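# Structural overview
Here is what each chain is made of, one letter per residue.
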Number of protein chains: 2
Amino acid sequence: MDFKEELSCRSAFFERSLRTFCEEERRRIPARLREAMNYSLLAGGKRLRPVLCMAGAEIMGEKAESVLPMATAFEMVHTASLIHDDLPCMDNDSLRRGKPTNHVVYGESLALLAGDALFLDAFETALAGLLKNGAEPQRCVRALALFAQALGPEGICGGQVLDTDRASQTDERDFVVDVASMKTMVLIRASLCAGAILAGADGEALRRLMKYGEKVGLAFQIADDLLDCTGSQSAMGKTLGKDEAQDKRTFVRAYGLDGARALLHEKTLNAEKQLEPFGEKGEFLRALAAYLEHRSN
Amino acid sequence: MDFKEELSCRSAFFERSLRTFCEEERRRIPARLREAMNYSLLAGGKRLRPVLCMAGAEIMGEKAESVLPMATAFEMVHTASLIHDDLPCMDNDSLRRGKPTNHVVYGESLALLAGDALFLDAFETALAGLLKNGAEPQRCVRALALFAQALGPEGICGGQVLDTDRASQTDERDFVVDVASMKTMVLIRASLCAGAILAGADGEALRRLMKYGEKVGLAFQIADDLLDCTGSQSAMGKTLGKDEAQDKRTFVRAYGLDGARALLHEKTLNAEKQLEPFGEKGEFLRALAAYLEHRSN
């Protein structure tokens, strides 16, 4: 298969489902809140987390459709965390994916509430949708527990605090790995594994997918740090060199350019290795790891 | 039973459990984030939502202990919503329950993240704790769906937007009921009913408890609006007359003082009526409705 075509086909499949979800006259959501939520949800992006969630179901022999509500929930919380990250009291960013950020368009208080609403509606979307799809309750509970853990104080929120709290920064390499794990890796790993759990993954298969997710999740952040130094501004669609300007601790600063490249390659190989027992079914995830290593945006 | 003693006994039981929960060396939460979360969680309050959640389990014949993780989750999200409400870009309040608000002590960005972390950790706390207690997965999923719905764009977050969006305010009475329903009632109702669902409530029993929760939830807000006009500042522990000064639409403004009092009494009677089939087991909730009607703080 042509991997790039396959990948864009899968993102497009998710994108269509997301658009339908956003356009539904959903329940009693105040109109302005719905508008602010949809603005950021539909602002594009790689849709990596939903693609991973669907791939998790497929590698266990289930159809991608069956986990769409969970995939949507992952994109919702990822979007929510970006809206809150961009707020004036946080990174104070006015552009994201080439568009004005949520608070620039809707004001600070509505942006804050749109983020909260996306975080919380994600759980309802997953729960209601999975029940409708006839998902097994025990699997739902396990998938949601993994989802929740990736978001809270041990996950995204905790990582964000660690990243801005210079006091807790001791050894530079440990610190860079800790922040990348909490801010980026856990959600990427949870996306894949929640999809897999919903499709019945357990025991050895789940352990291997957790390891794959861990390696690919860290590799994703290493590649991001490398691209911030060496990438093409037009391909990335954002201002580069920001990490250095803000004196941020990155994999490049902790390991050097060559060291970071070597670490990225090692994580990628290790991720691919986890897929061996899956045979042909692991093909997409294998190609994805290789693709993410060499991505230019 | 002496109801006031019974109520304070139940809040104290929850308070002890919450303190243990906060003091546990919980997982890998960054120290400063844990501190900011605990500061607001342990700042007191009536603990009404956890008390209702436990009462929901008891009226169905289960022990309060069995739903403690769910009760804790309700208090966590209630606290999270207060932290976000107090932020400078929202109500910009510097005092809450006689103490400096979270952002005054920890700064705006940490307060934002502490709110996010409490919202999200609530789901993990409920999921992990209930599974440990051996809760039935099907019941967990139903209780969590109700919980999530009370929080998102149809619940607290949506109500907050509606309340600040003058454009969507048409008929004053409808509007006051809509905002009170989304901002206050749904979470109070969900607290009671999630506890009941976890203890096996279904069909007619659940329908009656949903109605009780709806009536008591609205009564709670009507009493709040009345107290803002006629209450004692020292008993309430906050500045009164704020609603009028801010030109807020309240039950008092929409119905007049006497009209609001009559509506409060009607809701309370209607709530009590729902409990008839529960006989003696409904005694605590019956006394609670009467107590909330006549509360002075």
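Residues numbered from 1 in each chain as written. Chains lettered and ligands numbered in written order. Predicted model: local features only at pLDDT ≥ 70, side-chain atom pairs only at ≥ 80, totals over all residues. Heavy atoms only, no water.

For chain A, an unreviewed UniProt entry supplies the name Polyprenyl synthetase family protein and the organism Pyramidobacter porci. Quoted verbatim from the Cofactor (unreviewed entry) heading of the UniProt record, the comment on chain A is "Mg(2+)". Looking at chain A in UniProt, the text filed under Sequence similarities (unreviewed entry) is "Belongs to the FPP/GGPP synthase family." (UniProt positions renumbered as here; feature names shortened; annotations may be inferred.)

In this section: the packing of aromatic side chains. One pass over the full model with this rule turns up 13 aromatic pairs over all chains. For the pair F251 of chain A and Y255 of chain A, a centre-to-centre distance of 6.1 Å together with 25° between the ring planes defines the contact as stacked. On the criterion of helical spacing, the pair formed by F251 of chain A and Y255 of chain A is a turn pair, its members being 4 residues apart in helix α13 (residues 251-274). A relative accessible area of 22% means that Y255 of chain A is categorised as partly exposed. By way of ring pairs, the aromatic residues F74, F123 and F147 of chain A together with F74, F123 and F147 of chain B are connected into one cluster. Over the ring of F284 of chain B we find R10 of chain B, and its NZ or CZ is 3.7 Å from the ring centre. A cation over a ring is seen here: R249 of chain B above F175 of chain B, with NZ or CZ 5.5 Å from the ring centre. (Phe/Tyr/Trp six-rings, centres within 6.5 Å; stacked < 30°, edge-to-face > 60°. Helix = DSSP H or I, 4+ residues; strand = E, 2+ residues; numbered from the N terminus. Buried < 20%, exposed > 50% of the residue type's maximum accessible area, 1.4 Å probe, protein only. Lys NZ or Arg CZ within 6 Å of the ring centre and 35° of its normal.)

Time to look at the pattern of salt bridges. Close approach of charged atoms lets side chains of opposite charge pair. Residues and elements named next belong to chain A. All chains considered together, the criterion is met by 35 salt bridges over all chains. For D163, the salt bridge goes to K248, with nearest N and O atoms at 3.9 Å. You can see D163 sitting in helix α8 (residues 156-164) and its partner K248 sitting in the loop between α12 (242-245) and α13, a full 85 residues away along the chain. Here the salt bridges do not stand alone but share partners, grouping E15, R19, R47 and E75 into one network. (Salt bridge = Lys/Arg side-chain N within 4 Å of Asp/Glu carboxyl O.)

So, about the relation of the copies chain A and chain B. For the match of chain A to chain B, the screw axis carries a shift of 0.0 Å, the RMSD comes to 0.0 Å, and the turn is 180°. The operation mapping one copy onto its partner corresponds to a two-fold rotation axis. Ranked by how close their C-alpha atoms come to the rotation axis, the residues of chain A are headed by P137 of chain A, at 2.7 Å. Interface overlap between copies is the fraction of interface residues in one copy that are interface residues in the other; for chain A against chain B it reaches 100%, indicating a shared surface. (Least-squares fit on C-alpha atoms with pLDDT ≥ 70 in both. Contact = heavy atoms within 4.5 Å.)

Our focus in this paragraph is the nonpolar core. The biggest cluster of nonpolar side chains holds 200 residues, and the ones touching the most others in it are M70 and L285 of chain A together with M70 and L285 of chain B. Filtering out sequence-adjacent residues up to four positions away, M70 of chain B remains in contact with C53, A126, L130, A143, L144, F147, A194 and L198 of chain B. (Core = buried A, V, L, I, M, F, W, Y, C linked by side-chain atoms within 4.5 Å.)

With that out of the way, let us pick up the interface of chain A and chain B. Every contact between the two is made by 45 residues of chain A and, on the other side, 45 residues of chain B. Carbon and sulfur atoms supply 78% of the area that chain A and chain B bury against each other, a total of about 4200 Å² over both sides. Looking at the side of chain A facing chain B, the largest losses of area belong to L120, V141 and P153 of chain A, adding up to 16% of the total buried there. Inspection of the chain A/chain B interface yields 0 salt bridges. With 14 residues, helix α6 (residues 108-132) of chain A is the largest single contributor of residues to the side of chain A that touches chain B. Among the residues forming the side of chain A that touches chain B, the class breakdown is 28 nonpolar, 7 polar and 10 charged. (Buried area = accessible area lost by both parts, 1.4 Å probe. Nonpolar A, V, L, I, M, F, W, Y, C, P; charged D, E, K, R; others polar.)

Quick look at the environment of Q221 of chain B now. Residue and element names in this part refer to chain B. With respect to the helices and strands, Q221 occurs in helix α10 (residues 203-230). Q221 sits 42 residues away from V179 along the chain, and the two C-alpha atoms are 9.9 Å apart. If we ignore the near neighbours within four places in the chain, the residues touching Q221 are A180, T184 and F251.

What follows deals with helix α1 (residues 3-23) of chain A. Every α-helix carries 3.6 residues per turn, so stepping three or four residues along brings you back to the same face. For α1 of chain A, built from 21 residues, the straight-helix expectation of 30 Å at 1.5 Å per residue is met to within 8% by its first-to-last C-alpha distance of 30 Å. The complete set of buried residues in α1 of chain A reads F3, L7, R10, S11, F14, E15, S17, L18, F21 and C22 of chain A. (Expected span 1.5 Å × (residues − 1).)

The next point concerns the packing of α6 of chain A against helix α7 (residues 137-151) of chain A. Residues and elements named next belong to chain A. It is the contact of α6 with α7, at a shortest axis distance of 11 Å, that shows an interaxial angle of 165°. When the axes of α6 and α7 are compared, the pair comes out roughly antiparallel. Where α6 crosses over α7, the handedness of that crossing is right-handed. Here A122, F123, A126, L127 and L130 of α6 come into contact with α7, specifically with C140, L144, F147, A148 and L151. (Axes fitted to C-alpha atoms, helices over the stretch in contact; angles between N-to-C directions. Parallel < 35°, antiparallel > 145°, perpendicular 65-115°, else oblique. Left-handed = near helix turned anticlockwise from the far one by under 90°.)

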